[in-house]
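What follows is the residue order along each chain.
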Amino acid sequence: MQDDTEAFLCRLRRAFASSDLEAATLRRYIDPRAPIHVARAPGRLDVMGGFADYSGSDALLLPTREACHAAVQITSTCETPALHVVSMHARVGRKPREFHVDMADIIRSDTRPVSLAHVKRLVQQAAQRSRREGQGNKEASTESSNGDGESAQGNKAEGLESDESEDEQREPHWSCYVVSCLVALAEHDPRACSAIKEKTLSVVVDSSVPKGQGASSSASLELATMGALIAATTKPTQGKLAEGESGVFRNSSPGSELGTTGTSASAIDYLTRANLCHLAEVYGVGAPCGVMDQIACAFGRKDAILRLSCRPARMRGHVGVPRGIRIWAIASGVKRSVAGNAYAAARVAAFMGKTVIKQILRMAMLLRDKEATLQTQTDHSTKSPEEPSKPSHRLPHDLLEGIGLMPKNCLLPEQASLEDSSVISFTNVLEAVKKADLAMQATASLNVSTVDKEVDHNHWIERALSGEDFYLTELSSEDFGVFQPFLPHRCFGFSFLEKFPEGHGDEATHIDPLVEYPIRSATAHPVHENARAKSLENLLLSVNNLRLPQREHLQASSPETLSRNQPAGIFEDPPEGMHLMLTAMAALMHASHSSYTACGLGCPEADKIVACVKKSSNLFGARLSGGGAGGAVCILGLDNREAQAEVRAIAARIGSTSHVFEGSSDGAESTGECTILNLTFGS
């Protein structure tokens, strides 16, 4: 059992030995002598490729040490059956958040759940009722919970604050994630409906994954909740006592290989769970995300990077974090949201660009066929032989004007001023890409590993011309270079819809007519990001194959013990080949960060962190993690004491409360779930 899971169980047990507000709240909803089911899921760091998951990019993902725990208990009650959700405060003893809704509003009389599309409104209405009912005693609760004179500061995980800010009230309510998971499970497995119908369901969640910092706090909450719900709503067919834990048995054990289902009594494998959580977030919460985060939180492994191909979700194993290298992340302090405007605008713009590319391709093929027909007619009308014309593989520059393809009011390349911000941003991206290419070329003599490429027997062009869909990342950088000049730098939604009334082909998002979308940058990002992810994966595999000095490794050391007479690090003088690879890694990460900025997803705080890393001799690469527009900055560096000190110094410059992600842990599949038969046993 994980150490943080033990700590979570201790926190539940203290509710029956303490008298503070946390204990009083838990005692209202938890029966210590009834079985309670517990699951855990970590957050994740997006090392490369994650933001482009919806376009089919490869992604490199590392699970965090921070994690979310969920405990679920089903009880019969003489009162109205209800769902009670309690979200623990970051500080022990403080008043948790609460959410309540009648079970009849979730499970209908015909034993079927409500639609996921109605969950968000259902939760909002229930939350508003709770606010009105709790308005009378709010002042008394606040005074009691803050009696020590301290304010609730620090990084909060999903739903950990005791009060909601105005910004949070505009976002999806924190409990919407829990309710959406319950509904998604009930839709998938009717047994869940039968298990909770006319019963009271209590859910307690506690997360150490900072909210809104690009570390998948929502996905970890969903996976933990889903695991506990599955354990609670399915009677285990087999179980055994966990070693050293009386009154606790495992409800599922981890699979031996990546992607296996494990021996779960519920027969719901972890890939299905991840997909259910993804459906819950997209259609229940209303966040247009891919399934990448849920996959990473489920199948991550400690000190290993998950290699994921997001087409839509194919796991390709893990690559260990190379000896001598360490991965951190610093929270920028700027809160981000998958449901936020910047992320949605960048995603919409990418699908707009793909729509334009498909139209350009179709029109180009029509013009080519027309030219071929005219040429054939000319050949037949003339008797004298002529030199055969060479087929042209380039799109004519007057194509857009000739077919009236692009919508009005678009900023085309020839219309853009050199001072225009979108042009400047895209120019910076191209420069960063060139630097990354040069850095990769410098490693050519080192026999850098290459990821096996699949043979595409059904090329994306053939599918596009036949009306089938394709991923942007199926275009190579060379392919994209053909279409790039014809993509507008930016375009208003209403202008795009004038020429493409059928929309942009993404069911998870909608086009806002009044928003100006960065089409060129957002379309270029997934194409180049996919190439960067493959290159970084190659470099990581190659570093693992280098023969490095056998020195004590600090990766397994806890940050708290770094000051205790430990060696200076793995490398006092890294090999020349290592230097070249680190330089290439840095160039790839910095190119990715520049691309985020060009898509409108950068922020000054993140830029400041990246600038500090560039000046370091022990840290060699940094980029925004996840969906950008705030969140955390992922950092690669040497695994030594100096690098550790520099990371903490950078975090201190950003702000005294900046969270530093360091270390990792196993995903939900590896940790499984446990059932506590008696919470007071041994206490």
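Owing to the predicted nature of the structure, the values given are computational and were not obtained by experimental measurement.

Reading guide: rules and limits
Within every chain, residues take consecutive numbers counted from 1 along the sequence as written. Since the coordinates come from a predicted model, pLDDT governs what is reported: local features require at least 70, and pairs of side-chain atoms require 80 or more to be given and counted, while whole-chain, interface and lining totals use all residues. Values shown for side chains rest on all heavy atoms present in the structure; no hydrogens or waters enter the calculation. Every helix listed is a DSSP run of H or I at least four residues long, and every strand listed is a run of E at least two residues long, numbered separately from the N terminus. Relative accessibility under 20% of the residue-type maximum defines a buried residue, over 50% an exposed one, and the middle range a partly exposed one, all with a 1.4 Å probe and only protein chains included. The contact definition used throughout considers only heavy atoms, calling two residues in contact when any of these lie within 4.5 Å. Each accessible area is a Shrake-Rupley estimate made with a 1.4 Å probe; only the visible protein chains count as cover when residues are assessed. Note on definitions: angles span 0 to 180 degrees between N-to-C directions of axes, and those axes are lines fitted to C-alpha atoms, for helices only across the stretch in contact. Any angle from 65 to 115 degrees is called roughly perpendicular, while one under 35 is roughly parallel, one over 145 is roughly antiparallel, and all others are oblique. Here a crossing is called left-handed whenever its near helix is offset anticlockwise from the far helix by less than a right angle, and right-handed whenever the offset is clockwise. Basically, the charged four are Asp, Glu, Lys and Arg, the nonpolar ten are Ala, Val, Leu, Ile, Met, Phe, Trp, Tyr, Cys and Pro, and anything else, Gly included, counts as polar. Within this document, salt bridges are pairs made up of a side-chain nitrogen of Lys or Arg and a carboxyl oxygen of Asp or Glu, the two lying within 4 Å of each other. What is meant by a nonpolar core is a set of buried Ala, Val, Leu, Ile, Met, Phe, Trp, Tyr and Cys residues, joined one to another through side-chain atoms within 4.5 Å. At least two DSSP bridges between two strands are required for those strands to pair. A helix's residues, less one, multiplied by 1.5 Å, set its expected span. Bend, in this description, refers to the angle at a residue between axes fitted to the seven residues ending there and the seven starting there. In predicted models, pLDDT denotes the confidence assigned by the predictor to each residue on a 0 to 100 scale. Aromatic contacts are taken between Phe, Tyr and Trp rings whose centres are within 6.5 Å, Trp giving its six-membered ring; a plane angle under 30 degrees counts as stacked, one over 60 as edge-to-face, and the others as tilted. A ring has a charge above it when a Lys NZ or an Arg CZ is no more than 6 Å from the ring centre and no more than 35 degrees off the ring normal. Positive charges come from Lys and Arg, negative ones from Asp and Glu, while His and the chain ends are left out of the count.

J.: Residues and numbers for the overall build of the protein, please.
T.: The helix and strand tally for the protein stands at 21 helices and 17 strands. Considering the protein as a whole, with its 683 residues, one finds that 55% of them fall into the buried category. Taking the contacts inside the protein whose residues are at least 6 apart along the sequence as the reference set, 79% of them involve residues at least 24 apart. Here the protein displays about 29,500 Å² of accessible surface, and carbon together with sulfur accounts for 49% of that area.

J.: Describe the packing of helix 6 (residues 176-188) against helix 8 (residues 217-233), listing the residues and the values that go with them.
T.: Packing of helix 6 against helix 8 brings their axes to within 9 Å, and their N-to-C directions diverge by 45°. Our classification of the angle between helix 6 and helix 8 gives oblique. Crossing angle aside, the handedness with which helix 6 passes helix 8 is right-handed. Side by side, helix 6 and helix 8 meet where Tyr-177, Val-178, Cys-181, Leu-182 and Leu-185 of the first sit next to Ser-218, Leu-221, Glu-222, Thr-225, Met-226, Leu-229, Ile-230 and Thr-233 of the second. Here the contact of helix 6 with helix 8 is built from residues that sort into 9 nonpolar, 3 polar and 1 charged.

J.: I'd love a proper account of the pattern of salt bridges, names of residues and values included.
T.: Taken as a whole, this structure holds 22 salt bridges when the rule is applied. Where Arg-273 meets Glu-673, a salt bridge forms, and the shortest distance between an N and an O atom there is 2.7 Å. Of this pair, Arg-273 sits in helix 9 (residues 270-285) while Glu-673 sits in strand 17 (residues 673-676), placing them 400 residues apart in sequence. A relative accessible area of 1% means that Arg-273 is categorised as buried. The residue Arg-347 makes a salt bridge to Asp-506 at a minimum N-O spacing of 2.8 Å. Residue Arg-347 is found in helix 11 (residues 341-381), and its partner Asp-506 is found in the loop between helix 16 (493-499) and strand 13 (516-517); the two are separated by 159 residues along the sequence. The pair Arg-347 / Asp-506 is uniform in exposure class, with both members buried. Salt bridges here are not isolated pairs; linked through shared partners, they connect Arg-11, Arg-14, Asp-20, Glu-22 and Asp-206.

J.: I'd like to hear about the nonpolar core, residue by residue, with values.
T.: By size, the foremost hydrophobic cluster in this structure holds 65 residues, and its most contacted members are Leu-83, Ile-106 and Leu-201. A per-element tally of this core places helix 6 first, with 10 residues. Look past the residues within four positions of Ile-106 in its chain and what remains in contact with it is Leu-83, Val-101, Arg-112, Pro-113, Val-114, Leu-122, Val-179, Leu-182 and Val-183.

J.: An account of the sheet that holds strand 15 (residues 632-638) is needed here, citing residue identities and associated values.
T.: Taken in spatial order, the 4 strands of this open sheet run 14-15-11-16, and their pairing is antiparallel. Each edge of the open sheet carries a strand with a single partner, namely strand 14 (619-624) and strand 16 (660-662). For this sheet the average axis-to-axis angle between neighbouring strands, irrespective of direction, equals 25°. Two elements, strand 11 (residues 325-331) and strand 16, share 3 bridges in a ladder whose sense is antiparallel. Of the residues in strand 16, the one forming a bridge with Ala-329 is Phe-661. Sheet contacts for helix 20 (residues 641-654): strand 11, strand 14, strand 15 and strand 16; angle to strand 11, the most-contacted strand, approximately 10°.

J.: Please provide a residue-by-residue account of the pairing of strand 3 (residues 82-87), values included.
T.: Side-chain direction in a regular strand flips from residue to residue, so the side chains alternate between the two faces of the sheet. The buried count for strand 3 comes to 6 of 6 residues, which makes it a mostly enclosed element. Pairing of strand 3 with strand 4 (residues 97-102), which is carried by 6 bridges, proceeds in the antiparallel orientation. From the neighbouring strand, Val-86 faces strand 4, where its bridge partner is Glu-98. With 5 bridges joining them, strand 3 and strand 5 (residues 200-207) adopt parallel strand pairing. Directly across from His-84, in strand 5, lies its bridge partner Ser-202.

J.: Can you tell me about helix 17 (residues 519-545), naming the residues and giving the values?
T.: In this model, helix 17 (27 residues) spans 40 Å end to end at C-alpha, consistent with the 39 Å of a helix rising 1.5 Å per residue. Its maximal kink placed at His-525, helix 17 deviates by approximately 25°, while the proline Pro-526 follows within four residues. Burial analysis of helix 17 places 22 of its 27 residues in the buried class, which makes it a mostly covered element.

J.: Lay out helix 8 in plain terms, naming residues and giving numbers.
T.: In a regular helix each residue adds 1.5 Å, so 17 residues correspond to 24 Å; helix 8 covers 24 Å between its end C-alpha atoms and thus fits that length. In terms of residue burial, helix 8 counts as a mostly covered element, since 17 of its 17 residues are buried.

J.: I'd love a proper account of the confidence of the model for the protein, names of residues and values included.
T.: For the protein, mean pLDDT is 78; residues scoring 70 or higher make up 72% of the total. Within the model, pLDDT remains below 50 along residues 390-409, and this stretch shows 37 contacts once partners closer than five positions in the same chain are excluded.

J.: So, the environment of Leu-580: which residues are in play, and what are the values?
T.: Checked against the element boundaries, Leu-580 lands in helix 18 (residues 576-598). On the accessibility criterion, Leu-580 (25% relative accessible area) is partly exposed. Sequence separation between Leu-580 and Leu-539 is 41 residues; the distance between their C-alpha atoms is 10.0 Å.

J.: Describe the packing of helix 8 against helix 9, listing the residues and the values that go with them.
T.: With their axes 10 Å apart at the nearest point, helix 8 and helix 9 run at an angle of 120° to one another. In terms of orientation, helix 8 lies oblique with respect to helix 9. Considering only the axes of helix 8 and helix 9, their crossing is right-handed. Residue-level inspection shows Ser-218, Ala-219, Glu-222, Leu-223, Met-226, Gly-227 and Ile-230 of helix 8 in contact with helix 9, the latter providing Arg-273, Leu-276, Cys-277 and Glu-281. Here the contact of helix 8 with helix 9 is built from residues that sort into 6 nonpolar, 2 polar and 3 charged.

J.: So what's going on with the packing of aromatic side chains? Residues and values would help.
T.: Inspection of the entire model under this criterion finds 9 aromatic pairs. Between Phe-51 and Tyr-596, the aromatic rings sit 5.4 Å apart at their centres with planes inclined by 40°, giving tilted as the arrangement. Note that Phe-51 is positioned in the loop between strand 1 (36-48) and strand 2 (58-75) and Tyr-596 in helix 18, a separation of 545 residues in sequence. Judged on exposure class, the residue Phe-51 and its partner Tyr-596 are both buried. Through a chain of ring-to-ring contacts, the aromatic side chains of Phe-51, Tyr-54, Tyr-343, Phe-351 and Tyr-596 assemble into a single cluster. Lying over the aromatic face of Tyr-270, Arg-273 brings its terminal NZ or CZ to 4.1 Å of the ring centre. For the cation-ring pair, Lys-354 lies above Phe-470, with the distance from its terminal atom to the ring centre recorded as 5.4 Å.

J.: Describe in detail the pairing of strand 5, supporting the description with residues and values.
T.: When you tally the buried positions in strand 5, you get 8 out of 8 residues, the bulk of the element. A two-sided burial pattern is seen for strand 5, the buried positions comprising Thr-200, Ser-202, Val-204 and Asp-206 on one face and Leu-201, Val-203, Val-205 and Ser-207 on the other. One ladder, built from 8 bridges, connects strand 2 with strand 5; its direction is antiparallel. Within strand 5, the residue paired with His-69 across the bridge is Asp-206.

J.: Quick one: what's the story with the side chain of Glu-222, residue by residue and with numbers?
T.: Mapped onto the elements, Glu-222 comes out in helix 8. The side chain of Glu-222 is buried and forms no salt bridge, while Arg-44, the nearest opposite charge, is found at 11 Å. Among residues more than four places away in sequence, those in contact with Glu-222 are Tyr-177, Cys-181, Cys-277, Glu-281 and Gln-294.

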